[in-house]
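# Descriptive analysis of the structure
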Amino acid sequence: MDDSCCAFSLICHKLLARDLDKRDKSNVENFIIDGKKGETVSRLPGTVNGEQIVIQNCQDSNIYIFDHIATVSIDDCINCNIFLGPIKSSVFIRDCKQCRVAVVCQQFRTRDCFQVDTFLLCGTQPIIESSSRMKFACFSFNYSQLEQQFKSAGLSIFNNNWSNIHDFTPVPDEDVNFSYIPPESTLADFIPLPEGSEFESLQLSSDPNTSLVPQTWGRRRKQSDESCLVVFFNDGSCVERAVRFLHSLKTKNSKCILVQSKEILMEPDDSRRVFETESYVTAVQGGPVIGLELNCDGCVALCQAAVVELMAGTTGLVFVSQSPQAAEKQVEAFYNFADMQMGI
Amino acid sequence: MGLLSLLRKLRSNPDLELRILLLGLDNAGKTTLLKVLASEDITHITPTQGFNIKSVQSKGFKLNVWDIGGQRRIRPYWKNYFENTDILIYVIDSADRKRFEETGEELTELFEEEKLGVPVLVFANKQDLMNAARSSEIADGLNLNSIRDRAWQIQPCSAVTGEGVKEGIDWMTQACNKKK
């Protein structure tokens, strides 16, 4: 009995191994960008279609991948500009220097890098190891297929941890390994848009005002002591609502900044802890909620007014802090919860 | 026979507990594999900074799986987890050709550890990726065929699609049944 069992499982192993090896890899070269010197290389929407991309040994080159991707490794590149569309799992940058990268991913990792400037959306905590003079800013870009590609990669425009860097090899008492790009600098200052008629239909834009990803301030020093927590509960249209809310805030007060944003599942118990009330126990069960921290003087009153206006005549549920004092506590509770969830 | 083992024998379904150590380079897919074993969501996994532990039931075994972060900086801490390990699962990113040598060196060092003379299951992970090497290629590169001092197996798999994972775990429980 035992023997036949073993024999059977052995056959299964072999079959499976053959199965996994059988897939068509005849065009694997299309997915490996190797040894480019002073060139411009691009992949248009639909040409990568969720496969892996490998970029290696390139110098002084522009590389644009306007598609969603399984995973990306960037190795041994010098002085390159690299744009990467939404990546379902990780991007791993190794042994690169003096590069500028714009990327949307679930995981961001670097090792043995020097002077890499990154415009980033990262669904989890970005990590760096043995890397120095790294600079980070919020991803800001748009083209006609980007929103759909976010969905294909399973990523949310609101779930962004770009500034929450974990350094595996910190230098005591010094901030030499990473810093943030000043907010007045834009992606266009770092990475040029590609030229050519093939890009026209994409409607490429690096203007922060039209970025699909909401621009967050991150861990840069806040400008005001007053923050406000706004949470949109999931009723199927909370993403559109949150986007409209941010637009309306911008027109009301251009100084008001979005510090951080998360899209996350909450259990009833989590909602009791964060909001200190039973009121949202049912609402959180509708799906992931969107939590925003806004910051400026008079922020709480501003957010309340904007939400009242936005919700007039609709039935959706939105939480807004009731006072600056309460907001301080709620912001901390919500983002502590979100950070803990990320580590589980 | 001690009282505890006597009590264990009296129970209808005795729990065989296995302590499993999950090692491999960073970005190999260890935590994804851990979550797949525990039937959990794999869409929001953050790079592991320390370690994760999960207990999973499989075929009368209680598997206590220890998943340890793989960054170069924290690999020296791997040895803190060797003791009482019943089986080592070593995970390789089959598509990360640049680091085949590095992952081979780490595995060789593990084989030389006296405290870790246990069966080894090598998962040649990420077989779903375009650039993945075949498991046979990886086995040759790692010189696995020269291993004489322990039971070992290399299993192609994709933690993301789930292919090959069950087969690996089946081999593992069989290897441990023989040992016990």
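The name given to chain B in an unreviewed UniProt entry is ADP-ribosylation factor-like protein 3, and the organism recorded there is Elysia marginata. Regarding chain B, the UniProt comment filed under Sequence similarities (unreviewed entry) reads as follows: "Belongs to the small GTPase superfamily. Arf family." Listed under Subcellular location (unreviewed entry) in UniProt, the entry text for chain B is "Golgi apparatus".

Under an unreviewed UniProt entry, the name given to chain A is Protein XRP2, and the organism recorded is Elysia marginata. Check the Function (unreviewed entry) section of the UniProt entry for chain A; it says "Acts as a GTPase-activating protein (GAP) for tubulin in concert with tubulin-specific chaperone C, but does not enhance tubulin heterodimerization."

## Observations regarding the interface of chain A and chain B
Between chain A and chain B, the residue contacts involve 33 residues of the former and 27 residues of the latter. Taken together, the elements giving at least two residues each to the side of chain A that touches chain B come down to helix 1 (2-21), strand 5 (72-75), strand 6 (81-94), strand 7 (97-111), strand 9 (127-129) and helix 6 (324-343) of chain A. The element best represented in the side of chain A that touches chain B is helix 1 of chain A, accounting for seven residues. Residues of the side of chain A that touches chain B, tallied by class, amount to 13 nonpolar, 14 polar and six charged.

## What to know about the packing of helix 3 (residues 238-252) of chain A against helix 5 (residues 299-311) of chain A
Residue and element names in this part refer to chain A. Contact geometry of helix 3 with helix 5 gives a least axis separation of 10 Å together with a crossing angle of 125°. The angle between helix 3 and helix 5 falls in the class oblique. Considering only the axes of helix 3 and helix 5, their crossing is right-handed. Of helix 5, the residues touching helix 3 (which contributes Arg241, Arg244, Phe245, Ser248, Leu249 and Lys252) are Leu302, Ala306, Val307, Glu309 and Leu310. Along the lines of polarity and charge, the residues of the contact of helix 3 with helix 5 split into six nonpolar, one polar and four charged.

## As for unusual backbone geometry
All names here are of chain A. The phi angle at Asp95 is positive, at roughly 50°, despite the residue not being glycine. Along the polypeptide, Asp95 turns up in the loop between strand 6 and strand 7. A residue is classified by how many C-beta atoms lie within 10 Å of it, and Asp95, with 18 of them, is partly exposed. Positive phi, normally seen in glycine, also occurs at Gln203, with a value near 55°. Along the chain, the position of Gln203 falls in the loop between strand 12 (178-180) and strand 13 (227-232).

## Side note on the UniProt feature "binding site: Mg(2+)" (unreviewed entry) in chain B
Residue and element names in this part refer to chain B. Here the UniProt-annotated "binding site: Mg(2+)" (unreviewed entry) positions come out as Thr31 and Thr48. Annotated residues spanning 18 residues; largest pairwise C-alpha distance 7.5 Å, indicating a single compact cluster. When you line up the elements, Thr31 lands in helix 2 (residues 30-37). We classify Thr31 as buried; it has 22 C-beta atoms within 10 Å. Discounting chain neighbours no more than four positions away, the residues touching Thr31 are Ile45, Thr48, Asn52 and Asp67. As for its position among the elements, Thr48 is in the loop between helix 2 and strand 2 (51-58). Given 19 C-beta atoms within 10 Å, Thr48 falls into the partly exposed group.

## Observations concerning the domain arrangement of chain A
Reports often express the size of an interface as the amount of accessible area lost when the parts come together. All names here are of chain A. By the assigned domains, chain A splits into domain 1 (28-207) and domain 2 (227-343). Here domain 1 and domain 2 have C-alpha centroids that lie 29 Å from each other. Contact with domain 1, which involves six residues of that partner, is made by six residues of domain 2. The residue makeup of the side of domain 1 that touches domain 2, split by class, is one nonpolar, five polar and no charged.

## What to know about the confidence of the model for chain B
Averaged over chain B, the pLDDT score is 91; the fraction of residues at 70 or greater is 90%. Of the two predicted TM-score estimates for the complex, the pTM is 0.92 and the ipTM is 0.90.

## Description of helix 4 (residues 135-142) of chain B
Residues and elements named next belong to chain B. All of the buried residues in helix 4 are Ser135, Ile138 and Leu142. Down the axis of helix 4, the buried set is contained in an arc of 60°. They therefore lie on one face. Looking one or two places after helix 4, you find Asn143, whose phi comes out positive at around 60°.

## A short note on the environment of A:Leu193
With respect to the element layout, A:Leu193 can be found in the loop between strand 12 and strand 13. Through-space distance from the C-alpha of A:Leu193 to that of A:Asn62 is 9.4 Å; in sequence the pair is 131 residues apart.

## Structural notes on the UniProt feature "binding site: GTP" (unreviewed entry) in chain A
Residue and element names in this part refer to chain A. As annotated by UniProt and renumbered to match this structure, "binding site: GTP" (unreviewed entry) occupies Gln106, Gln107, Phe108 and Arg109. Mapped onto the secondary structure, Gln106 falls in strand 7. Among all residues touching Gln106, those that are not within four sequence positions of it are Ile87, Lys88, Ser89, Ser90, Gly123, Thr124 and Leu155. Note on Gln107: 22 C-beta atoms within 10 Å, which makes it buried.

## A few points about the sheet that holds strand 2 of chain B
All names here are of chain B. Ordered by their spatial adjacency, six strands build an open sheet running 2-3-1-4-5-6, and the pairing between neighbours is mixed. The sheet is open, and its two edges are formed by strand 2 and strand 6 (152-156), each paired on a single side. With direction set aside, neighbouring strand axes in the sheet form an average angle of 20°. Both strand 1 (residues 16-23) and strand 4 (residues 87-93) contribute to a ladder of four bridges, which runs parallel. Directly across from Leu21, in strand 4, lies its bridge partner Leu88. Each of strand 1, strand 2, strand 3 (61-68), strand 4 and strand 5 (120-125) is contacted by helix 2, which is oriented at about 160° to strand 3, the strand it contacts most.

## Some thoughts on the pairing of strand 5 of chain B
Side-chain positions along a regular strand alternate between the two faces of the sheet. All names here are of chain B. Extensive coverage of strand 5 is indicated by the burial of six of its six residues. Of the two faces of strand 5, the one carrying Val120, Val122 and Ala124 and the one carrying Leu121, Phe123 and Asn125 are both buried. Examined bridge by bridge, strand 4 and strand 5 share six bridges and lie parallel to one another. Looking at the pairing, Val91 lines up with Phe123 of strand 5.

## Let's talk about the sheet that holds strand 15 (residues 289-295) of chain A
Residues and elements named next belong to chain A. Overall, antiparallel pairing links the four strands, which are arranged 14-15-13-16 in an open sheet. Single-partner strands in this sheet number two, and they are strand 14 (257-264) and strand 16 (318-320). Between one strand axis and the next, the sheet turns through 15° on average, direction left out of account. Relative to strand 15, strand 13 is paired through six bridges, and the arrangement is antiparallel. If you follow Ser227 over to strand 15, its bridge partner there is Asn295.

What counts, and at which threshold
- Residues numbered from 1 in each chain as written.
- Chains lettered and ligands numbered in written order.
- Predicted model: local features only at pLDDT ≥ 70, side-chain atom pairs only at ≥ 80, totals over all residues.
- UniProt positions renumbered as here; feature names shortened; annotations may be inferred.
- Contact = placed C-beta atoms within 7 Å.
- Helix = DSSP H or I, 4+ residues; strand = E, 2+ residues; numbered from the N terminus.
- Nonpolar A, V, L, I, M, F, W, Y, C, P; charged D, E, K, R; others polar.
- Axes fitted to C-alpha atoms, helices over the stretch in contact; angles between N-to-C directions.
- Parallel < 35°, antiparallel > 145°, perpendicular 65-115°, else oblique.
- Left-handed = near helix turned anticlockwise from the far one by under 90°.
- Buried ≥ 20, exposed ≤ 12 C-beta atoms within 10 Å, placed from the backbone.
- Domains from an automatic or database assignment.
- pLDDT = per-residue confidence, 0-100.
- Arc of directions from axis to C-beta.
- Pairing = 2+ DSSP bridges.

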